Amino acid sequence: MNTELLLPAGTLDKMRAAYDFGADAVYAGQPRYSLRARNNDFNNKTLKIGIDEAHARGKKLYVASNIMPHNSKIKTYLSDMEPIIEMKPDALIMADPGLIMMVRDKWPEQAIHLSVQANTVNYMAVKFWQRMGVERIILSRELSIDEIAQIRQECPDMELEVFVHGALCIAYSGRCLLSGYFNHRDPNQGTCTNSCRWDYKMHDTANTDSGDVQVIQFDLNQAWEESNDAFADITDIKRHPLANKTYLIEEATRVGEMMPILEDEHGTYIMNSKDLRAIQHVQKLIEVGVDSLKIEGRTKSLYYVARTAQTYRRAIDDAIAGRPFNPELYAELEGLANRGYTDGFLQRHTSQETQNYISGYSSAKSSQYVGDVTAIDEAGWATIDVKNKFKVGDTLEIIHPSGNHIVQLSSMRKNDQEITEASGGGHVVQIPNMLGKEKALLARIL
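All of these numbers come straight from a predicted model, not from anything done at the bench.

## Focus on the nonpolar core
Core analysis: the biggest nonpolar cluster contains 89 residues, and Leu 7, Leu 61, Ile 137, Leu 139, Ile 148 and Val 282 have the highest contact counts within it. For this core, the element with the highest residue contribution is helix H10 (residues 302-321), accounting for nine residues. Two domains each provide a minimum of three residues to this core, namely domain 1 (4-174 + 274-342) and domain 3 (367-445). Those residues in contact with Val 282, other than ones at most four positions away along the chain, are Leu 293, Tyr 312, Ala 315, Ile 316 and Ala 319. Counting residues in hydrophobic clusters, the runner-up holds 17 residues, among them Val 373, Val 429, Met 434 and Leu 442.

Rendered as structure tokens:
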């Protein structure tokens, strides 16, 4: 069995990096019909380029078309999809039953993969979608390895795909109302603003004579009215019977908007989840019979795409060859920006282990992405598009599709002048001894 490594592609350059560093396939989204309406460079022109390049390399490209559409998008869907189908994507990633029915009726030969948005958590649901003509199920992130194994046993002839790395949602795979409530940007329409990860601050509260908690500077009725929803009047928030204390939180960019949050003996339940990292489970997932291992992150950096593709490629190849898991792969992923790591629901944990209560921001460890090689001259001097500061004397990791190696930077120049430091993003510098390292990325060992 050949287990597919599936990477995200938010741009053509990221798609190319994914293939260069080991991906078998990528997924890209239509801005109007996928869950990446923002920060998405793909349109009909770039999708055509991407699909043609993928097929020329013997790779695959799947097009995400997985929103839960309102009526207005139904009317335009088939006409908008006509040129996409003509490009011959390897599959459409879809979630809405109505859209799936429309595609199956008009283009019965088009392969369809069921999006994680459909929240498939049991084998009877897999059998249902198989009967509807779906070729692959992207299983819900909320499943354990044992549950995945049972689905494989009950559905031996259905392709199964499982997420192994990337951001986790506080709701069932994107079915969240927070962004729509705060910003009027619907996650299920591709415009999530990640409200669960905002930087919140705590504020104290005052009790009324009746023992209720008074909400200061926060009018819930007004918030609902602004969302054009009609709810009963709610002028204060009552203390939860299990809570020792109720606080107010204030998000960094919304000064003065106080929102109640409860705290008990276990802590304060902020919504930000750790990131998924399941590289240690790759061998087991392959043994179970998972067809595709998927990495999340269409809005992440080119460095993220290259590093995760390379690292999970090694894990898959090791597992297929019967080699034991290499714990050094953990360190490869620590250098990526992350919110702390968890293996999610693949193995059951207590809430303290799966939620990140310490910090709600990304932190980089072990190494830091510092630049891309954009050109190399005949003398081996590489032109570097600088992403983060680095200097002469730093230990750098040269990350390349042919393999990585560690060097100590001996010199650097800019505009033919010797310099000692690349001061940060936006600068262009040159470093020596880089022959044969086209497409390389640089990371500074911390």
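## Overview of helix H6 (residues 145-154)
Those residues of H6 that sit buried are Ile 145, Ile 148, Ile 151 and Arg 152. Relative to the axis of H6, the buried residues are bounded by an arc of 120° and lie together on one face. H6 presents Asp 146 and Gln 153 as exposed residues on the side facing more than 90 degrees away from its buried surface. Taken together, the buried residues of H6 touch helix H5 (123-131), strand E7 (159-166) and helix H9 (282-288).

## A short note on the packing of aromatic side chains
According to the stated counting rule, one finds four aromatic pairs in the structure shown. Between Tyr 303 and Tyr 369, the aromatic rings sit 4.5 Å apart at their centres with planes inclined by 5°, giving stacked as the arrangement. On the criterion of sequence distance, the pair formed by Tyr 303 in helix H10 and Tyr 369 in strand E17 (residues 367-376) is long-range, its members being 66 residues apart. Grouping residues by exposure puts Tyr 303 and Tyr 369 together as buried. Taking the centre distance of 5.3 Å and the plane angle of 75° together, the rings of Phe 325 and Tyr 330 count as edge-to-face.

## A look at the pattern of salt bridges
Considering all chains together, one arrives at 21 salt bridges under this definition. The salt bridge partner of Asp 13 is Arg 16, with a shortest N-O separation of 3.2 Å. Highlighted residues: Asp 13 and Arg 16, both in helix H1 (residues 12-20), separated by three residues, approximately one helical turn. For Arg 307, the salt bridge identified is with Glu 332, shortest N-O distance 2.6 Å. Taken together, the positions of Arg 307 in helix H10 and Glu 332 in helix H11 (residues 328-334) put the pair 25 residues apart, joining distant regions of the chain.

## What to know about the packing of helix H3 (residues 71-86) against helix H4 (residues 97-106)
Their axes nearest at 11 Å, the elements H3 and H4 cross at an angle of 40°. With respect to each other, H3 and H4 are oriented oblique. By crossing handedness, the relation of H3 to H4 is classed as right-handed. In this structure, H3 contributes Ile 74, Tyr 77, Leu 78 and Glu 82 to the contact, and H4 contributes Leu 99, Met 102, Val 103 and Lys 106. For the contact of H3 with H4, the residue count by class is six nonpolar, no polar and two charged.

## Side note on the pairing of strand E18 (residues 382-386)
Because side chains alternate across E18, one face comprises the buried residues Ala 382, Ile 384 and Val 386, and the other comprises Thr 383 and Asp 385, none of which is buried. Hairpin connection from E17 to E18: five residues lie between these consecutive antiparallel strands, with Gly 380 at a positive phi of about 90°. Where E18 and strand E25 (residues 428-431) come together, four bridges link them in antiparallel fashion. Across the sheet, the residue bridging to Thr 383 is Gln 430, located in E25.

## Notes on unusual backbone geometry
Glycine aside, the phi torsion of most residues is negative, and most peptide linkages are trans. Phi is positive for Asn 415, which is not a glycine, with a value near 55°. By the secondary structure assignment, Asn 415 is in the loop between strand E22 (413-414) and strand E23 (417-418). For Asn 415, a relative accessible area of 63% translates into the label exposed. The residue Asn 433 is not glycine, and still its phi comes out positive at about 60°. With respect to the helices, strands and loops of the structure, Asn 433 is situated in the loop between E25 and strand E26 (441-445).

## Observations concerning the pairing of E17
Among the ten residues of E17, seven are classified as buried, and the element is accordingly described as predominantly covered. Note that E17 and E26 share five bridges and pair antiparallel. Across the sheet, the residue bridging to Tyr 369 is Ala 443, located in E26.

## Let's talk about the packing of H1 against H10
Packing of H1 against H10 brings their axes to within 8 Å, and their N-to-C directions diverge by 20°. Classified by the interaxial angle, the pair formed by H1 and H10 is roughly parallel. Relative to H10, H1 is oriented so that their crossing is right-handed. Judged by residue contacts, Asp 13, Lys 14, Ala 17 and Ala 18 of H1 engage Leu 302, Val 305 and Ala 309 from H10. Partitioning the contact of H1 with H10 into residue classes produces five nonpolar, no polar and two charged.

## Brief notes about the environment of Tyr 312
Considering the arrangement of structural elements, one finds Tyr 312 in helix H10. For Tyr 312, a relative accessible area of 0% gives the class buried. For the pair Tyr 312 and Val 282, spaced 30 residues apart in the sequence, the C-alpha separation amounts to 8.2 Å. For Tyr 312, the residues in contact, after removing those within four places along its chain, are Leu 5, Val 164, His 165, Arg 277, Ala 278, Ile 279, Val 282, Ile 295 and Leu 333. A distance of 3.2 Å separates the side chain of Tyr 312 from the backbone oxygen of Val 164, its partner in a polar contact.

## Let's talk about the confidence of the model for the chain
Summary statistics for the chain give a mean pLDDT of 84 and a share of 76% for residues scoring 70 or more. The model gives residues 215-243 a pLDDT under 50, and that stretch makes 44 contacts with residues more than four places away or in other chains. Note that pLDDT drops below 50 for residues 353-364; the model gives that stretch 34 contacts with residues more than four away or on any other chain.

What counts and what doesn't
Residues numbered from 1 in each chain as written. Predicted model: local features only at pLDDT ≥ 70, side-chain atom pairs only at ≥ 80, totals over all residues. Heavy atoms only, no water. Core = buried A, V, L, I, M, F, W, Y, C linked by side-chain atoms within 4.5 Å. Buried < 20%, exposed > 50% of the residue type's maximum accessible area, 1.4 Å probe, protein only. Helix = DSSP H or I, 4+ residues; strand = E, 2+ residues; numbered from the N terminus. Domains from an automatic or database assignment. Contact = heavy atoms within 4.5 Å. Arc of directions from axis to C-beta. Phe/Tyr/Trp six-rings, centres within 6.5 Å; stacked < 30°, edge-to-face > 60°. Salt bridge = Lys/Arg side-chain N within 4 Å of Asp/Glu carboxyl O. Axes fitted to C-alpha atoms, helices over the stretch in contact; angles between N-to-C directions. Parallel < 35°, antiparallel > 145°, perpendicular 65-115°, else oblique. Left-handed = near helix turned anticlockwise from the far one by under 90°. Nonpolar A, V, L, I, M, F, W, Y, C, P; charged D, E, K, R; others polar. Pairing = 2+ DSSP bridges. Polar contact = N/O pair within 3.5 Å; in protein donor to acceptor, adjacent residues only side chain to side chain. pLDDT = per-residue confidence, 0-100.

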